[in-house]
Amino acid sequence: MTDTTPGGAPEPRDPDDLRRRAGVRGDPDRDQHFLVDDRVLDRIPTYLPEDADTSHLLEIGGGTGALTDRLLRVGDEVTVVERDPPLAAFLREEFAEAVDAGRLRVVDGDALHVDLPEFSAAVSNLPYGISSEITFRLLPENRPLVLMFQREFGERMAAEPGTDAYGRLSVTAQHYADVEVVEIVPPTAFDPAPAVESAIVRLRPREPDYVVDDESFFFDFVKALFTQRRKTIRNGIRNTAHISGLSDPEAVVAAVEGVNEDLLRARAGSLAPEAFAELTAIADEHGR
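Per an unreviewed UniProt entry, the protein chain goes by Probable ribosomal RNA small subunit methyltransferase A and derives from Halobellus litoreus. Regarding the protein chain, the relevant UniProt record gives this comment under Function (unreviewed entry): "Specifically dimethylates two adjacent adenosines in the loop of a conserved hairpin near the 3'-end of 16S rRNA in the 30S particle. May play a critical role in biogenesis of 30S subunits."

As structure tokens, then:
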């Protein structure tokens, strides 16, 4: 089998042929749904930002290599992390020419635990069961990401304040990046078909336009307030000290009253990330 180069030449590998050669079938019980729609596979790498550095692309969950093949067409070097040993061995055999040329590295193991390489961008059809953990391992690296999620998860990441989908996930993701759902993918694009639609999400890294001194506390405070999303921020602060770690929530309420009492009357689902940052700074100073 001839491997592709950034200059390109042969037609992309057919995903059904790859599965036949690998001798595998998808297993929903193992969160294993193979993307088999050529058109979707061809489009995924095109969602990288135009100015993205493609010198070293990272793929989580290479499977039988249908997306890997497309990434080798646009990236100088590709690293694939694959937790299934037989599939990792198949990728090395199927793409032996790229491996020998130093353009492809296959890492055996769970992407939640292995050492990830330095990478310039990541493009992946993520295993849905670990999509949240993987995403928040990748986001702090401040690299462009194009990732496939369950539709609901992707839309929650991109949701705006005041919408039903907006929540802790939205605030946390948007702390690191501009988040955009770029394509909805139907179940028929996979084999076996999952029970839900999927979403391809583009995440463009950027620094937040607010200052957070302690990210860990910021995330804990946001998490705490969203457990009380139907209550006012005033009551949320008072009721969630066991989650946020505040030792004196009443002091925080009093301090916020002196700065911006409107915040106390608001509800978590209506606040933009910068408002949570303002609250966190006050809480950090007066309540810990």
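(A) Highlighting the packing of aromatic side chains. What the rule picks out here adds up to seven aromatic pairs. Ring centres of Phe149 and Phe153 lie 5.1 Å apart, and the angle between their planes is 35°; this geometry places the pair in the tilted category. We classify Phe149 as buried; its relative accessible area is 0%. Above the ring of Phe217, the side-chain terminus of Arg288 is found at 4.1 Å from the ring centroid.

(B) Structural detail: the UniProt feature "domain: Ribosomal RNA adenine methylase transferase N-terminal" (unreviewed entry) in the protein chain. Feature annotation in UniProt assigns "domain: Ribosomal RNA adenine methylase transferase N-terminal" (unreviewed entry) to the following positions: residues 40-207. The annotated region residues 40-207 carries 32% helix and 27% strand content, and the separation between its end C-alpha atoms amounts to 30 Å.

(C) How the structure looks around empty space enclosed by the protein. In this structure the tally under the stated criterion is two cavities of 30 Å³ or more. Its volume calculated, the largest cavity comes out at about 510 Å³. Contributing to the lining of the largest cavity are 33 residues, with His33, Gly61, Gly63, Asn125 and Pro127 lying nearest its centre. Elements with a contribution of two residues or more to the lining of the largest cavity: helix H1 (15-22), strand S1 (34-35), strand S2 (56-60), helix H3 (66-74) and strand S3 (77-82). Looking at side-chain class alone, the lining of the largest cavity contains 16 nonpolar, nine polar and eight charged residues. Looking at the second largest cavity, its volume works out to about 30 Å³. Taken together, Leu138, Leu139, Asn142, Arg143, Leu145, Tyr176, Ala177, Leu203 and Pro205 make up the full set of residues lining the second largest cavity.

Analysis parameters
- Residues numbered from 1 in each chain as written.
- Predicted model: local features only at pLDDT ≥ 70, side-chain atom pairs only at ≥ 80, totals over all residues.
- Heavy atoms only, no water.
- UniProt positions renumbered as here; feature names shortened; annotations may be inferred.
- Phe/Tyr/Trp six-rings, centres within 6.5 Å; stacked < 30°, edge-to-face > 60°.
- Buried < 20%, exposed > 50% of the residue type's maximum accessible area, 1.4 Å probe, protein only.
- Lys NZ or Arg CZ within 6 Å of the ring centre and 35° of its normal.
- Helix = DSSP H or I, 4+ residues; strand = E, 2+ residues; numbered from the N terminus.
- 1 Å grid on protein atoms, 1.4 Å probe; cavity = no way out; pocket = protein on both sides within 12 Å on 5 of 7 lines; lining within 4 Å.
- Points joined across faces, edges and corners; volume = space filled by probe spheres on them.
- Nonpolar A, V, L, I, M, F, W, Y, C, P; charged D, E, K, R; others polar.

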